[in-house]
Amino acid sequence: MLAILTGIAIITALYLARSIVAPITFALVLGVVVAPLADKLEKVGCPRVISASALLFVTSTVIVAAFLLLEPLLSTLVEQLPAIKRELRSWVAAMSEFIRGIETLGREIEETVGADGAAETESALPSVMDALWLAPNFGSKILIFIGTLFFFVLTRPELYAAAGPLKERLYLADRAVYRYFAAVTLVNIGLGTVTAVALGLIGINDAVVWGVAAGLLSLVLYLGPLMILTGLLIAGLTQFGGAAALLPPLVFLAINLSEAQFVTPAFVGQRLQVNPLVVFIAIIF
């Protein structure tokens, strides 16, 4: 009973502190990845505070650039929602010719998606007041992230020294994570490049942006590629329609399977054997 109550208390505490814990966790994960670079800079005579500041600037720039690159893609998908709904209704209408009783289902889908897709799209977007209300909370999370990442990189030797016997293991873990992340990043750059070229050849708009999204989201095990598959299905519905809408996700699926089964094991030299259920629940948590 004590263990159950302790578990409930921990989960409740994390939930109540999520606005603080989330950016701190994100900063610590990135700090573990970039901290070995600070060690290398320090060995060549660069002061720790300068290396920490430089790594903070580079990391923040990369994150902002990633969001800026993905923003046109997200905006396009939102703008295409009415066309997607019309395409889905046409699919339902076509199937209703072959399946008895599908007319009822078609009417239910019609009532669900609604005929005024554009109005629904506009109402789904946050208003200016919503944005102003969320701005202080978002800004505080950014400051927490920046402060945690900077001070972790700056004081990492002292923090690890305070761990006592675990000090050497922490440094070994840092180097292992750094090497793994570097290798996977190179693989994902290749994945994004091949995806952009393949999607461009079949005529998908913003193929380069889709390639960037594929490279970034592939860092998220299982769910990242699934998000790209869903997005490409939507893009296929809006651009091609009919059975041709399945071509973009099938092309990416073939590329992703080849990368996951052959390229990554050969290049990285090891597989991250994590149960998909564990990954899914961890991301949700």
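Before reading on, note that the structure itself is shown above.
Residues numbered from 1 in each chain as written. Predicted model: local features only at pLDDT ≥ 70, side-chain atom pairs only at ≥ 80, totals over all residues. Heavy atoms only, no water.

**Some remarks on the overall build of the protein chain**
- Across its full length, the protein chain carries 12 helices and zero strands.
- Along the protein chain, helices and strands appear, N-terminal first, in the series α-α-α-α-α-α-α-α-α-α-α-α.
- Nonlocal contacts in the protein chain, meaning residues at least 24 apart in sequence, comprise 68% of its contacts between residues at least 6 apart.
- With an accessible surface of roughly 17900 Å², the protein chain has 74% of that area assigned to carbon and sulfur atoms. (Helix = DSSP H or I, 4+ residues; strand = E, 2+ residues; numbered from the N terminus. Contact = heavy atoms within 4.5 Å. Areas by Shrake-Rupley, 256 points an atom, 1.4 Å probe, with all protein chains shown as cover.)

**Examining the packing of aromatic side chains**
- Tallied over the entire structure, the rule returns four aromatic pairs.
- Ring geometry for phenylalanine 26 and phenylalanine 145: centres 5.2 Å apart, planes at 25°, overall stacked. Within this pair, whereas phenylalanine 26 is found in helix H2 (residues 18-43), its partner phenylalanine 145 is found in helix H7 (residues 128-162), the two being separated by 119 residues in sequence.
- Classification of phenylalanine 145 as buried rests on a relative accessible area of 10%.
- Judged by centre distance (5.1 Å) and plane angle (80°), the ring pair of tyrosine 160 and tyrosine 171 falls under edge-to-face. Taken together, the residues tyrosine 160 in helix H7 and tyrosine 171 in helix H8 (residues 167-202) connect sequence positions 11 residues apart. (Phe/Tyr/Trp six-rings, centres within 6.5 Å; stacked < 30°, edge-to-face > 60°. Buried < 20%, exposed > 50% of the residue type's maximum accessible area, 1.4 Å probe, protein only.)

**As for the side chain of asparagine 188**
- Relative to the assigned elements, asparagine 188 resides in helix H8.
- Asparagine 188 sits in the buried class, given a relative accessible area of 6%.
- Look past the residues within four positions of asparagine 188 in its chain and what remains in contact with it is Gly215, Ser218 and Leu219.

**Observations concerning a nonpolar patch on the surface**
- Nonpolar side chains collect at one region of the surface, where Leu186, Ile189, Phe262, Val263 and Phe267 lie side by side and expose about 540 Å² of accessible area between them.
- Elements with a contribution of two residues or more to the nonpolar patch: H8 and helix H11 (247-268).
- Following the sequence through the fold, isoleucine 189 ends up in helix H8.
- Here isoleucine 189 falls in the exposed class, since its relative accessible area comes to 52%. (Patch = residues over 30% accessible without salt bridge, like charges linked within 9 Å, V, L, I, M, F, W, Y side chains within 5 Å. Salt bridge = Lys/Arg side-chain N within 4 Å of Asp/Glu carboxyl O.)

**Digging into the nonpolar core**
- Membership of the largest hydrophobic core comes to 16 residues, with the highest contact counts inside it found for Val34, Leu55, Phe145, Leu149, Phe152 and Val153.
- When residues of this core are traced back to their parent elements, those giving at least two are H2, helix H3 (48-79) and H7.
- Dropping the residues within four chain positions of it, leucine 55 is found in contact with Val34, Leu37, Ala38 and Val153.
- Listed in part, the 10 residues of the second largest apolar core include Leu199, Ile204, Ala207 and Ala235. (Core = buried A, V, L, I, M, F, W, Y, C linked by side-chain atoms within 4.5 Å.)

**Looking at the pattern of salt bridges**
- Scanning the model with the defined rule gives four salt bridges in all.
- In this structure, the salt-bridge partner of aspartate 39 is arginine 156, at a minimum N-O distance of 2.9 Å. Note that aspartate 39 is positioned in helix H2 and arginine 156 in helix H7, a separation of 117 residues in sequence. Each member of the pair aspartate 39 and arginine 156 is classed as buried.
- Among the salt bridges present, the one from glutamate 42 reaches arginine 48, with a minimum N-O distance of 2.8 Å.
- Residue glutamate 42 is classed as partly exposed on the basis of its relative accessible area, which comes to 40%.
- Through salt bridges that share partners, Asp39, Glu42, Arg48, Arg156 and Asp174 make up one connected network.

**Some details on a positive patch on the surface**
- Together, Lys40, Lys43, Arg175 and Arg179 make up a positively charged patch on the protein surface.
- Mapped onto the positive patch, the elements with two or more residues apiece are H2 and H8.
- With respect to the helices, strands and loops of the structure, arginine 179 is situated in helix H8. (Lys, Arg positive; Asp, Glu negative; His and termini not counted. Charge placed at Lys NZ, Arg CZ, Asp CG, Glu CD.)

**Here we look at H11**
- Helix length check: H11, at 22 residues, gives a terminal C-alpha distance of 30 Å against a target of 32 Å (1.5 Å per residue), a fit within 8%.
- For H11, the principal kink sits at glutamate 259 and spans about 40°.
- By the burial criterion, the buried members of H11 are Pro248, Pro249, Val251, Phe252, Ile255, Asn256, Glu259, Thr264 and Val268.
- For H11, the elements touching its buried residues are H8, helix H9 (207-217) and helix H10 (223-239). (Expected span 1.5 Å × (residues − 1). Bend = angle between axes of the 7 residues up to and from the residue.)

**Section: the packing of H9 against H10**
- As a packed pair, H9 and H10 sit with axes 8 Å apart at the nearest point and diverge in direction by 160°. In terms of axis orientation, H9 runs roughly antiparallel to H10. Note on packing geometry: the crossing formed by H9 with H10 is right-handed. For the pair H9 and H10, the contacting residues are Trp210, Ala213, Ala214 and Leu217 in the first and Gly224, Pro225, Met227, Ile228, Gly231, Leu232 and Ala235 in the second. (Axes fitted to C-alpha atoms, helices over the stretch in contact; angles between N-to-C directions. Parallel < 35°, antiparallel > 145°, perpendicular 65-115°, else oblique. Left-handed = near helix turned anticlockwise from the far one by under 90°.)

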